[in-house]
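Survey of secondary and tertiary structure
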Amino acid sequence: QVQLVESGGGLVQPGGSLRLSCVASGSIFSRYTVGWYRRAPGKQRESAATITSGGSTTYADSVKGRFTISRDKSKNTAYLQMNSLKPEDTAVYYCNLRRVAPITNVLQDYWGQGTQVTVSS
């Protein structure tokens, strides 16, 4: 079982920066795609950014050029660097690990508990 622990959220003024971290237990972190998702008040959860085991990244249009996702396989840790934050970035941010297991083709999908990011003056 994989456990994820996020940290780094908080209150920041518009235009400010935060870096979220996600630490994963277990030694198979490198085999998963890592995603940062967010859920704003009254809205559905959406993907903000993902990074594959090979390092390919995708970003939501709303965060392109402002957010950067990365991973350090030696530390079993993923990061989301968020710059030029806007009030509409206010949300609970969740870390996700996902892959389709080889041979069994079973989807393995793990979530952290979430960390609150509030952008307000």
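These lines cover the structure that appears in this document, whether it is placed above or below. Every chain's residues receive numbers from 1 upward, in the order its sequence appears when written. Selection of residues for local features in this predicted model requires a pLDDT of at least 70, selection of side-chain atom pairs for listing and counting requires 80 or more, and totals for whole chains, interfaces and linings are taken over all residues. Values reported for side chains reflect all heavy atoms of the structure, with hydrogen atoms and water molecules removed beforehand.

Turning to the nonpolar core, a few remarks are in order. Among the nonpolar cores identified, the biggest contains 29 residues, and Leu4, Trp36, Leu80, Met82, Tyr93 and Leu97 are the most heavily contacted of them. Elements supplying a minimum of two residues to this core: β3 (18-24), β4 (33-39), β5 (46-51), β7 (67-72), β8 (77-82), β9 (91-100) and β11 (115-119). The criterion used for residue contact is that any of the two residues' heavy atoms lie within 4.5 Å. What Met82 contacts, discounting residues up to four positions off in sequence, is Gly16, Ser17, Leu18, Leu20, Arg66, Phe67, Tyr93 and Val117. Here, the term nonpolar core denotes a set of buried Ala, Val, Leu, Ile, Met, Phe, Trp, Tyr and Cys residues that are joined through side-chain atoms within 4.5 Å. Exposure categories follow from relative accessible area, calculated using a 1.4 Å probe and restricted to protein chains: below 20% of the type maximum is buried, above 50% is exposed, and the middle band is partly exposed. Numbering of helices and strands runs from the N terminus; a helix is a DSSP stretch of H or I covering at least four residues, while a strand is a stretch of E covering at least two.

What follows deals with the state of the cysteines. Two cysteine sulfurs form what is called a disulfide whenever their separation falls within 2.5 Å. Throughout the structure, instances matching the rule amount to one disulfide. Here Cys22 pairs with Cys95 through a disulfide, and the sulfurs are 2.1 Å apart. One disulfide, between Cys22 and Cys95, carries an S-S torsion of -80 degrees and so falls in the left-handed class. With Cys22 in strand β3 and Cys95 in strand β9, this pair connects stretches of sequence that are 73 residues apart. Residue classification places Cys22 among the buried positions, given a relative accessible area of 0%. Taking the relative accessible area as the measure of exposure, Cys95 reaches 0% and is therefore buried.

All quantities given are derived from atomic positions and should not be read as evidence of function.
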